[in-house]
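An overview of the molecular structure
Read off the chains here:
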Amino acid sequence: MRLLHTSDWHLGRAFHRVNMLGAQAEFIGHLVTTVRERGVDAVVVSGDVYDRAVPPLAAVELFDDALHRLADLGVPTVMISGNHDSARRLGVGAGLIGRAGIHLRTEPSACGTPVVLRDDFGDVAFYGLPYLEPALVKDEFGVEKPGHEAVLAAAMDRVRADLATRARGTRSVVLAHAFVTGGEASDSERDITVGGVAAVPAGVFDGVDYAALGHLHGCQTITERVRYSGSPLPYSFSEADHRKSMWLVDLDAEGAITAERVDCPVPRALARIRGTLEELLADPGLARHEEAWVEATLTDPVRPADPMARLAERFPHTLSLVFDPERAPDDPDVSYAQRLAGRSDQEIAEDFVAHVRGAGPDEREQGVLRDAFDAVRADEAVREVAR
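The protein is annotated in an unreviewed UniProt entry as Nuclease SbcCD subunit D of Streptomyces shaanxiensis. Recorded under Sequence similarities (unreviewed entry), the UniProt text for the protein is reproduced unchanged: "Belongs to the SbcD family." UniProt, in its Subunit (unreviewed entry) section for the protein, records the words "Heterodimer of SbcC and SbcD."

Spelled out as structure tokens, the structure:
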């Protein structure tokens with residue numbers, strides 16, 4: 001069986017105020033063409049179909065168009081909700097849509113009930129694990145202390161239990177939306193840390209032939225059988241070095257995997273350039289970036305006049321301007337933002353405690369801070385689901 005693995009479409013998302021809907025529509029067209037021309041037997045979409053719980057109408061219309069085009073091909077599609085999606089909204093009409101071969105899996109309680117497809121060698125069971133927000137699903141899975149590893153492990157126990165009841169030789173594919181240890185993150189993924197831990201071990205997915213992951217935006221191989229497709233388009237300058245693609249996965253009669261990357265059309269290259277304003281305007285080596293979307297980091301000790309307008313004369317698609325004067329870290333003029341760069345909310349809070357009272361928090365106090373951040377994040381997730 002030949003699978004096309006994609007994820008993280010983020011329909012409705014902009015790139016630094018640039019409307020990406022046209023590029024997203026082009027990707028959908030590319031996806032449909034790939035399915036038709038490469039003999040794909042099933043499409044898997046591993047979450048974050050939309051960029052937010054209540055997407056703009058244009059994004060909903062594009063999703064509707066994608067569903068119709070995939071259904072017209074007669075190729076089954078299995079799709080799960082991600083942490084950016086409203087699972088309840090995405091799952092509306094799932095039963096009816098499923099009759100057209102588009103299988104939406106948005107209910108955590110159904111993670112042990114697969115979509116079963118057949119090829120010349122027998123059954124392939126597709127298990128959809130939508131994004132499992134620990135605070136919301138801990139009771140469903142009977143875990144005492146909510147965390148990503150605990151709820152995913154419980155969900156996978158249901159998958160393996162169901163698989164054990166099926167005919168010998170049944171192959172299996174799991175769709176999941178999670179941060180798996182060994183994956184490389186970018187700036188454009190929403191933080192899903194719980195209890196100071198965001199990642200789960202790849203061993204959680206042991207026992208299945210292929211785990212089609214979503215959440216991280218870079219295409220990457222965790223193990224031969226556990227892979228991220230990444231987002232089809234860039235959504236932050238941290239993705240400047242990404243090669244945007246999908247996985248074309250062949251699952252043979254014994255469940256062995258071969259995988260090929262299929263490149264996605266990207267509307268414009270990304271470039272991060274750094275130096276003084278005069279250096280950036282004069283450097284002939286930067287000519288290759290003149291038509292790219294540019295993030296320019298200026299290192300001038302004093303902020304120059306009209307930097308964006310001057311940069312735009314050479315780099316007309318400059319979207320982001322960062323000031324990072326080259327100073328010693330203890331220089332009093334180093335900005336607050338620079339001092340906080342790369343630090344987590346927990347670390348910033350602990351530094352604040354140390355600054356106020358002269359000593360950092362002890363282990364118990366660190367736990368209190370961690371629980372507070374988890375409670376706020378969980379509350380935001382609950383309110384988003386309820387919208």
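It is possible for side chains bearing opposite charge to pair when their charged atoms get close. One pass over the full model with this rule turns up 18 salt bridges. Its salt-bridge partner being Asp51, residue Arg13 comes within 3.4 Å of it at the nearest N-O pair. Of the two residues, Arg13 is situated in the loop between strand 1 (2–6) and strand 2 (14–15) and Asp51 in the loop between strand 4 (42–46) and helix 2 (57–73); the sequence distance between them amounts to 38 residues. Taking the relative accessible area as the measure of exposure, Asp51 reaches 14% and is therefore buried. Residue Arg243 is joined to Asp263 by a salt bridge in which the shortest nitrogen-to-oxygen separation is 2.6 Å. With Arg243 in the loop between strand 14 (226–228) and strand 15 (245–251) and Asp263 in strand 16 (residues 257–263), this residue pair connects regions lying 20 residues apart in the sequence.

With that out of the way, let us pick up the pairing of strand 12 (residues 210–214). In terms of burial, strand 12 is a largely internal element, five of the five residues being buried. Both faces of strand 12 are covered, namely the face carrying Tyr210, Ala212 and Gly214 and the face carrying Ala211 and Leu213. Here strand 9 (residues 171–177) runs beside strand 12; their pairing, made up of five bridges, is parallel. Counted as the bridge partner of His177 is Gly214 from strand 12. Of the strand pairs in this sheet, strand 12 and strand 14 are connected by three bridges, and their pairing is parallel. Residue pairing across strands places Ala212 opposite Arg227, the latter belonging to strand 14.

Thresholds applied
Residues numbered from 1 in each chain as written. Predicted model: local features only at pLDDT ≥ 70, side-chain atom pairs only at ≥ 80, totals over all residues. Heavy atoms only, no water. UniProt positions renumbered as here; feature names shortened; annotations may be inferred. Salt bridge = Lys/Arg side-chain N within 4 Å of Asp/Glu carboxyl O. Helix = DSSP H or I, 4+ residues; strand = E, 2+ residues; numbered from the N terminus. Buried < 20%, exposed > 50% of the residue type's maximum accessible area, 1.4 Å probe, protein only. Pairing = 2+ DSSP bridges.

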